[in-house]
Structures are given as structure tokens and as C-alpha cells.
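# Analysis of the macromolecular model
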Amino acid sequence: MDKKNALRAGALAAGTTLMMLLMSSPALALNRDDGDDPGPGLSVIETLGYFVGLPILLFVVIAGLVMLLTKPDIKKQDTSRNVKTKAEAKA
């Protein structure tokens, strides 16, 4: 029964993807619009720097700031003073 549901879900996902691809309009990137003035392209190094390096760097900076600003106090509280080890027997 589980294989049947997985097959049905896969077929539904594939059918939905196929319909979205067929119904979407093409980008028509070959036809320039009026006033279109693209700049020079990016090199591979620039592309990797912008879309891989900068997000990783930003993540590291934010994670570092969070770790620095939320670090626990160095002095730890000893809670064993509040614990009574001898039971008080009342009869």
C-alpha cells in the first residue's frame, strides 16, 4: 500500500511539473526590449564571489555576533547548596 501512495505522489509531482513547464511562457531573452542596455558580464570568479562567498561570509559574521552576544557567564552557579541530602523523618 505504501508503494502505491509513493507512486501516486511521484506521478502527481511529475505531472504538475510538466504542466507548469508547458503552460509557462518563454523568457524570450533573445529579443531586446527598447532601452535595454545590459552591462558587461561577470567572470566566474566574480560570480562565485557574489553568489557563494558573500552569503557564506555573511552567515559566519552573523553567527559569530550571535555567539559573542549570547555567551553564558563564566561564573557558574553552584546549585548544590540548595539541595538537602539528609531526609527529615517525622513520626
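Preceding this section is the structure that the text describes.
Residues numbered from 1 in each chain as written. Predicted model: local features only at pLDDT ≥ 70, side-chain atom pairs only at ≥ 80, totals over all residues. Heavy atoms only, no water.

### Quick look at the overall build of the chain
Across its full length, the chain holds 2 helices and 0 strands. Out of the 91 residues in the chain, the part that is buried amounts to 0%. Approximately 9700 Å² of the chain is accessible, and the part contributed by carbon and sulfur atoms is 66%. (Helix = DSSP H or I, 4+ residues; strand = E, 2+ residues; numbered from the N terminus. Buried < 20%, exposed > 50% of the residue type's maximum accessible area, 1.4 Å probe, protein only. Areas by Shrake-Rupley, 256 points an atom, 1.4 Å probe, with all protein chains shown as cover.)

### So, helix α2 (residues 44-69)
Taking 1.5 Å of rise per residue, the 26 residues of α2 would be expected to cover 38 Å, and the 36 Å separating its terminal C-alpha atoms lies within 8% of that figure. Its axis deflected by about 35 degrees at G53, α2 carries its strongest bend there, up to four residues before the proline P55. (Expected span 1.5 Å × (residues − 1). Bend = angle between axes of the 7 residues up to and from the residue.)

### With respect to helix α1 (residues 2-23)
Side chains of residues three or four places apart in an α-helix project in the same direction, reflecting 3.6 residues per turn. With 22 residues, α1 extends 32 Å between its outermost C-alpha atoms, agreeing within 8% with the 32 Å of an ideal straight helix rising 1.5 Å per residue. Burial analysis of α1 places just 0 of its 22 residues in the buried class, a small minority of the element.

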